Number of protein chains: 2
Amino acid sequence: MKQYVYGFDVGGTTVKIGLFKVDGSLQEKWEIKTNTTEYGKHILNDIFNAISKKGISLDEIAGYGFGVPGPVIQGKVVKCVNLGWEDYDLESEFASLVGNTVIRVSNDANVAALGEAWMGAARGLQNMAMITLGTGVGGGIIVDSKIVDGAHGGAGEIGHMIVKHKDGFLCNCGNTGCLETVASATVIKRLYTQLMIQEDKALDENGPSAKYIVNLARKGDPIALETLEEVTYYLGYACQVLSVTTNPDVIVIGGGVSKAGPFLINKIDDNFRKIVFKPVNRTRIVQAQLGNDAGIYGAASLALNNG
Amino acid sequence: MKQYVYGFDVGGTTVKIGLFKVDGSLQEKWEIKTNTTEYGKHILNDIFNAISKKGISLDEIAGYGFGVPGPVIQGKVVKCVNLGWEDYDLESEFASLVGNTVIRVSNDANVAALGEAWMGAARGLQNMAMITLGTGVGGGIIVDSKIVDGAHGGAGEIGHMIVKHKDGFLCNCGNTGCLETVASATVIKRLYTQLMIQEDKALDENGPSAKYIVNLARKGDPIALETLEEVTYYLGYACQVLSVTTNPDVIVIGGGVSKAGPFLINKIDDNFRKIVFKPVNRTRIVQAQLGNDAGIYGAASLALNNG
């Protein structure tokens, strides 16, 4: 009986592996190192070896899903700079190891969104979007329970939505004013530090984490509050844009800083409510539930022909 | 043989009717008046009577598609203020006239986008978006050849994407800074008129049309050019946002003013290129091809189980 499904979240440093029952219950999760030598040609073998040790018969596995750090178009990996893959037919390559079964791949941020839609904060909802606040800002969009990849694998690149028309900061992508330049965890730290310096306040050498700053704001710290107002203004704005484009049921906010709890989410929601287009005001802003496991959940869901 | 399909574009004043072969060739089109009395209860009867006169056997008709001026969720019309419909089960109502066959309905702007995807400027492409410049600004988004309706029927409401953060004009929706307030045909006329008055230039009583203003700009008229720069800046911006959300192959610009030709489209494209996120820079901006017929084409396509 095909009672299991594997989800792989392939990153530049580690591959996260999740073994699930097809009902979505996580049986086991672990990580292996990503071997990026020789254009990443060993990665799939390493994954296969890692799961082979578990002693589960291939006949019991309904499918294998992958989230990868780069654009994917119709099952073909276009490019993953961190892995060394380019025009990589992952599905065929992995089939040469596990045989002719269900193998699916999509972009990791999109897959994380699917994970939250399957078993997380958007469980049971067909239309959602996810914004992940980390070093940068990632995103994914689900429409009618399917990942939106887009024509060139660039859908859900919400971090590169331009939100500041004038005097924007330079983004790694070469543009100025991207959401990523005004609303990541990194930005929360930078803004807070700048404001502290302006006020001649002392800071630890490394400064506090974004999550800590959110907690300071919750307790009423004025500089932390000012930081949060700025950041959540742009996040609320991005939510407005999403609400009139794909009109999701919920927009899930993820990333480590989201774990600071409802204070951040409520601030984003407040800013969203101020500018929401009335006919779509049922869109809700919610906190992610799966943390770093969203990727393995989403990858498994993808293999079950969701997404 | 089911060789025909009907597309209906239901507006507040007229219903446009298109009779197509299933291969997409338009056989005949005509209009009837929309009878909005008694909460629009006669509209479907009037449509049925109009097509009955054509003498085509019901057995020859593969399906009936409708575009309606309001949000639709999973085949149910939520509300069409102009028609008097609210929570209207159009598909069941029309089935009581034509029997148990394929009947499909979606929002008219989304349906127009589908029309351009089926037989117009985005023919053969699975991922596209459409922006229609008229009195207001309409929009529709197609992902994997399907209309995106969204969780509450509000997807593709691109005219209500906020694009101006500060000092925005008040929109009919109650917000300020919506795309519709800075980029419709109406806005082109208003901006041009304002600039002419500032310069103490004479104007005809009604002022020139938006299309005429685009032509003036093409010929080098400085005030018309200034108008177009402002309007196409925001349209290029909206295209940037679309390119990183659903990442369409093409963005089709429609509405009467788009008929002024490549000058307007090129200006939008120029502004889009300045700020496009590199990985999605293959998204193209193109002119609509089906004019006012996009709605009947899209409705017919919807009935053929596309969209």
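Look up: the structure comes first, before these words.
Residues numbered from 1 in each chain as written. Chains lettered and ligands numbered in written order. Predicted model: local features only at pLDDT ≥ 70, side-chain atom pairs only at ≥ 80, totals over all residues. Heavy atoms only, no water.

**Thoughts on a negative patch on the surface**
Rules: Patches draw on residues past 30% relative accessible area with no salt bridge. Two like charges within 9 Å are joined, as are two nonpolar side chains (Val, Leu, Ile, Met, Phe, Trp, Tyr) within 5 Å. Surface accessibility follows the Shrake-Rupley procedure with a 1.4 Å probe radius. Residue values consider only the protein chains on display as shielding. The term salt bridge refers to a side-chain nitrogen of Lys or Arg lying within 4 Å of a carboxyl oxygen of Asp or Glu. All tallies of charge rest on Lys and Arg as positive and Asp and Glu as negative; His and the ends of each chain are not included. A charge is said to be at NZ when it belongs to Lys, at CZ for Arg, at CG for Asp and at CD for Glu. Each helix is a run of DSSP H or I of at least 4 residues and each strand a run of E of at least 2, with the numbering of both proceeding from the N terminus.
A surface patch of like charges, here negative, comprises A:E199, A:D200, A:E226 and A:E230. As for its position among the elements, A:E199 is in the loop between helix 6 (185-198) and helix 7 (210-218).

**Comments concerning the packing of helix 8 (residues 222-245) of chain A against helix 9 (residues 262-275) of chain A**
Residues and elements named next belong to chain A. Condition: Convention adopted: a line fitted to C-alpha atoms gives each axis, helices being fitted over their contacting stretch, and angles between N-to-C directions are expressed from 0 to 180 degrees. When an angle is under 35 degrees it counts as roughly parallel; over 145 it counts as roughly antiparallel; between 65 and 115 it counts as roughly perpendicular; any other value is oblique. By definition, turning the near helix anticlockwise from the far helix through less than a right angle yields a left-handed crossing, and turning it clockwise yields a right-handed one. Only heavy atoms matter for contacts: two residues are in contact if any of them lie within 4.5 Å across the pair. When residues are sorted by character, Ala, Val, Leu, Ile, Met, Phe, Trp, Tyr, Cys and Pro go into the nonpolar class, Asp, Glu, Lys and Arg into the charged class, and all the rest, Gly among them, into the polar class.
Two elements in contact, helix 8 and helix 9, have axes whose closest approach is 7 Å; the angle formed by their N-to-C orientations is 55 degrees. Between helix 8 and helix 9, the interaxial angle falls into the category oblique. Seen from above, helix 8 lies across helix 9 with right-handed handedness. Together, L225, L228, E229, T232, Y233, L235, G236, Y237, C239, Q240 and S243 of helix 8 and F263, L264, K267, I268, N271, F272 and I275 of helix 9 make up the contact between the two elements. Its residues assigned to classes, the contact of helix 8 with helix 9 comprises eleven nonpolar, five polar and two charged.

**Details of unusual backbone geometry**
Residue and element names in this part refer to chain A. Basically, it comes down to this: Remark: exposure states derive from per-residue accessible area (1.4 Å probe, protein chains only) relative to the maximum for the residue type, with buried under 20%, exposed over 50%, and partly exposed in between.
Residue D87 is not a glycine yet carries a positive backbone phi of 45 degrees. Residue position: D87 is located in strand 7 (residues 85-88). In this structure, D167 is a non-glycine residue whose phi angle is positive, near 55 degrees. Within the secondary structure, D167 is located in the loop between strand 11 (146-147) and helix 5 (180-183). Overall, the relative accessible area of 72% leaves D167 in the exposed class.

**Structural notes on the relation of the copies chain A and chain B**
Superposition of the two copies of the chain requires a rotation about an axis and a shift along the axis. The condition that has to hold: Each copy is superposed on the other by least squares, with the fit set by C-alpha atoms of residues at a pLDDT of at least 70 in both.
Placing chain A over chain B gives an RMSD of 0.0 Å and needs a rotation angle of 180 degrees, together with 0.0 Å of translation along the axis. When the rotation and shift are considered jointly, the pair of chain copies conforms to a two-fold rotation axis. Looking at chain A, 100% of its interface residues are interface residues in chain B too, so the copies touch through the same face.

**Brief notes about the packing of aromatic side chains**
For the record, the criterion: The rule is short: rings of Phe, Tyr and Trp, with Trp giving its six-membered ring, pair when the centres are within 6.5 Å, and they are stacked under 30 degrees, edge-to-face over 60, tilted in between. Distance and angle both matter: a charge sits over a ring if NZ of Lys or CZ of Arg is within 6 Å of the ring centre and within 35 degrees of the ring normal.
A complete count under the given rule lists 24 aromatic pairs over all chains for this structure. Pairing B:F8 with B:Y64 gives two aromatic rings, centres 6.4 Å apart and planes at 10 degrees, and the pair type is stacked. Separated by 56 residues along the polypeptide, B:F8 in strand 1 (residues 4-10) and B:Y64 in strand 4 (residues 61-68) bring together distant segments of the chain. The burial state of B:F8 is the same as that of B:Y64; both residues are buried. Taking the centre distance of 4.7 Å and the plane angle of 65 degrees together, the rings of B:F20 and B:Y297 count as edge-to-face. With B:F20 in strand 2 (residues 14-21) and B:Y297 in helix 10 (residues 294-303), this pair connects stretches of sequence that are 277 residues apart. In this pair, the class of B:F20 matches that of B:Y297, namely buried. An aromatic cluster of three or more residues is present, and its members are A:Y6, A:F8, A:Y64, A:F66 and A:F94. A cation over an aromatic ring shows up here: A:K54 above the ring of A:W30, its NZ or CZ 4.3 Å from the ring centre. Positioned above the aromatic ring of B:F169, the side-chain terminus of B:R190 is 4.7 Å from the ring centre.

**Here's the deal with the packing of helix 6 (residues 185-198) of chain B against helix 7 (residues 210-218) of chain B**
All names here are of chain B. Remark: helix 6 packs on helix 7, axes separated minimally by 8 Å, with the N-to-C direction vectors making an angle of 60 degrees. Here helix 6 is positioned oblique relative to helix 7, judged by the angle of their axes. As helix 6 packs across helix 7, the resulting crossing turns out to be left-handed. On helix 7, the residues that touch A185, I188, K189 and Y192 of helix 6 are A210, I213 and L216. Among the residues forming the contact of helix 6 with helix 7, the class breakdown is six nonpolar, no polar and one charged.

**With respect to helix 9 (residues 262-275) of chain B**
Definition in use: Expected span, for any helix, means 1.5 Å times one less than how many residues it has.
Between its first and last C-alpha atoms helix 9 of chain B spans 20 Å; for 14 residues at 1.5 Å apiece the expected length is 20 Å, and the two agree. Those residues of helix 9 of chain B that are buried are in contact with strand 9 (128-133), helix 7, helix 8 (222-245), strand 12 (250-254) and strand 13 (284-287) of chain B.

**Points about the environment of B:L302**
Looking at where B:L302 falls in the secondary structure, it is placed in helix 10. Judged by its relative accessible area of 1%, B:L302 falls in the buried class.

**Some remarks on the pattern of salt bridges**
Residue and element names in this part refer to chain A. Counting across every chain of the model gives ten salt bridges over all chains. We note a salt bridge from D89 to K76, for which the minimum N-O separation is 3.9 Å. One end of the pair, D89, is in the loop between strand 7 and helix 3 (90-98); the other, K76, is in strand 6 (residues 76-80), and 13 residues separate them in sequence. Among the residues examined, K76 registers a relative accessible area of 43% and is labelled partly exposed. In this structure, D269 and R273 form a salt bridge, with 3.2 Å as the shortest nitrogen-oxygen distance. Residue D269 and its partner R273 are both found in helix 9; the two are separated by four residues, about one turn of the helix.

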